[in-house]
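Observations on the three-dimensional arrangement
If you want the building blocks of each chain, they are given just below.
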Amino acid sequence: RLLGVGADNIVSSCNATVGLIGAMEILNSESWLIPSWTFAATGHAARSASSRVIFGDVNPVTWMLDPVGPESADGAVVTSPFGSKIKIGSEWNVFSSLVIDAAASIAAPPVISSEVNIPWVVVYSLHATKILGIGEGAILVFSTPELAQNFRAWTNFGFSGGGRDSLIRATNGKLSEVHGAIGRHRLAIWDNEKELWKKSRKSVHAAADDLGLNPSFSNDDWISPYWIVNFKSADEKKEAVKMLNAKGFDTRNWWQSGCHVMPAFTEIPILNSLDITIEIASTSLGLPFNKNIEAEVVSRIHAILSNVIN
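Residues numbered from 1 in each chain as written. Predicted model: local features only at pLDDT ≥ 70, side-chain atom pairs only at ≥ 80, totals over all residues. Heavy atoms only, no water.

**Things to note about the overall build of the chain**
Looking only at helices and strands, the chain features eight helices and eleven strands. Radius of gyration (C-alpha) of the chain: 20 Å, near the 19 Å computed for a compact globule of 310 residues. Expressed along its principal axes, the backbone C-alpha trace of the chain runs to roughly 65 × 45 × 35 Å. Taking all 310 residues of the chain together, 51% fall into the buried category. By element, 51% of the accessible surface of the chain is carried by carbon and sulfur atoms, the whole surface being about 14,200 Å². If you average the places of the 25 positive and of the 30 negative side-chain charges in the chain, the two averages end up 7 Å apart. (Helix = DSSP H or I, 4+ residues; strand = E, 2+ residues; numbered from the N terminus. Rg over C-alpha atoms; globule rule 2.2 N^0.38 Å. Buried < 20%, exposed > 50% of the residue type's maximum accessible area, 1.4 Å probe, protein only. Areas by Shrake-Rupley, 256 points an atom, 1.4 Å probe, with all protein chains shown as cover. Lys, Arg positive; Asp, Glu negative; His and termini not counted. Charge placed at Lys NZ, Arg CZ, Asp CG, Glu CD.)

**Some details on the pattern of salt bridges**
As enumerated under the stated definition, the model contains seven salt bridges in all. Ionic pairing is found between Glu25 and Arg169, a salt bridge with its closest N-O pair at 3.5 Å. Note that Glu25 is positioned in helix 1 (residues 16-27) and Arg169 in the loop between helix 3 (145-154) and helix 4 (177-188), a separation of 144 residues in sequence. You can call Glu25 partly exposed: its relative accessible area is 21%. Note that Arg252 and Asp250 form a salt bridge whose closest N and O atoms lie 2.8 Å from each other. (Salt bridge = Lys/Arg side-chain N within 4 Å of Asp/Glu carboxyl O.)

**Points about the packing of helix 5 (residues 190-211) against helix 8 (residues 295-309)**
In contact at an axis separation of 10 Å, helix 5 and helix 8 are set at 15° when each is read in the N-to-C sense. Regarding the angle of helix 5 to helix 8, the classification is roughly parallel. Helix-helix and strand crossings are classified by hand; for helix 5 and helix 8 the assignment is right-handed. Contact with helix 5, carried on its side by Ser203, Val204, Ala207, Asp210 and Leu211, involves Val298, His302, Leu305, Ser306 and Ile309 of helix 8 and no other residues of that element. When the residues that make up the contact of helix 5 with helix 8 are grouped by side-chain class, the tally is six nonpolar, three polar and one charged. (Axes fitted to C-alpha atoms, helices over the stretch in contact; angles between N-to-C directions. Parallel < 35°, antiparallel > 145°, perpendicular 65-115°, else oblique. Left-handed = near helix turned anticlockwise from the far one by under 90°. Contact = heavy atoms within 4.5 Å. Nonpolar A, V, L, I, M, F, W, Y, C, P; charged D, E, K, R; others polar.)

**What about the nonpolar core?**
One finds Ile88, Trp92, Leu98, Trp227 and Leu305 to be the most contacted residues of the largest nonpolar core, which totals 52 residues. Judged by nonpolar contacts, the second largest core, of 32 residues, contains Ala23, Met24, Ala45 and Val77. (Core = buried A, V, L, I, M, F, W, Y, C linked by side-chain atoms within 4.5 Å.)

**Digging into the pairing of strand 11 (residues 284-287)**
With burial as the criterion, each face of strand 11 is covered, one bearing Ser284 and Gly286 and the other bearing Leu285 and Leu287. In this sheet, strand 11 lies alongside strand 10 (residues 227-230) in antiparallel orientation, the contact comprising four bridges. Each residue of the ladder has a partner; that of Val229, found in strand 11, is Leu285. (Pairing = 2+ DSSP bridges.)

**Notes on the packing of helix 1 against helix 3**
At a minimum axis separation of 10 Å, helix 1 and helix 3 run at an interaxial angle of 125°. With respect to each other, helix 1 and helix 3 are oriented oblique. Crossing of helix 1 over helix 3 shows right-handed handedness. Across from Val18, Gly19, Ile21, Gly22, Ala23, Glu25, Ile26 and Leu27 in helix 1, the residues of helix 3 making contact are Leu147, Asn150, Phe151 and Trp154. Class assignment for the residues of the contact of helix 1 with helix 3 results in eight nonpolar, three polar and one charged.

**Description of the sheet that holds strand 3 (residues 53-56)**
Read across the open sheet, the seven strands follow the order 1-9-8-6-4-2-3; overall the sheet is mixed. Two strands lie at the open edges of the sheet, namely strand 1 (10-13) and strand 3, each paired on one side alone. Sheet twist, expressed as the average angle between the axes of neighbouring strands with direction ignored, equals 20°. Examined bridge by bridge, strand 8 (residues 120-125) and strand 9 (residues 138-142) share five bridges and lie antiparallel to one another. Paired with Tyr124 across the strands is Ile139, a residue of strand 9.

**Digging into empty space enclosed by the protein**
Evaluated as defined, the whole model comprises two cavities of 30 Å³ or more. Of the pockets and cavities examined, the largest cavity occupies roughly 70 Å³. If you go around the largest cavity, the residues you meet are Phe82, Arg201, Val204, His205, Asn214, Pro215, Phe217, Ser218, Trp222, Tyr226, Trp227 and Ile228. At the level of secondary structure, the elements contributing two or more residues to the lining of the largest cavity comprise helix 5 and strand 10. Broken down by element, the residue count for the lining of the largest cavity peaks at three residues, all from helix 5. (1 Å grid on protein atoms, 1.4 Å probe; cavity = no way out; pocket = protein on both sides within 12 Å on 5 of 7 lines; lining within 4 Å. Points joined across faces, edges and corners; volume = space filled by probe spheres on them.)

And the structure:
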């Protein structure tokens, strides 16, 4: 009910990284175009699922992977940046399959056009740091019940239909009963939690909007577990980090400088220059945020950032 899809299209998993690996294996594209501007789990999952992975750049407005294909790769992995609500249209039909890494977007599901005619899957994380966090786990939504059933078998040793024969190459990637029980509790109190997240989101969006620091895709009516701001320059960002730290506020470069510069991924080929990824990494910053953030905390952070940019 929360995601507005049929039960036969949904499968749980032990975590989102395993979910991404299984999704790519089930969709079975020979090669994958992935963004460098994403969490490292996306890169690790692609490497585990395929020997042919390539990094692509993102759009400067949406911070999403640009649909460059099919000469680049057969399949594509799109990341929803920082819990944002993204739109997926027919432009993605140039690929044979599509994985949407919506790890932090379970409260802002992607809008997938009916014109998308390729197999797709959306992967949501239920990690403790996410909306509806249960400690660890994931939920996947597939474009067809058949794909969902194949993934369900993949998480359960390849078993399907009650049999004990391994029908496909698989693993043990099931959500534990304990985490499932926690998830049922979290869903039961979701209506109350949603209002807290909405209030907090509107508060930090308004503060950043006043300073002109909201990313271009930011919106006050979707729910995200992150407060991300984007400065006009790398120097301005460095000064903000310095001033915030001096006042006792920690910050995060959530995705560092992009996956392409991380030692684990340096051998992955790059499709284009990644200029936009490099620019966003140098100017974006994660600020303290949670569903119970106090107005006084937001006000103090606003004052510090105001001094920096003025």
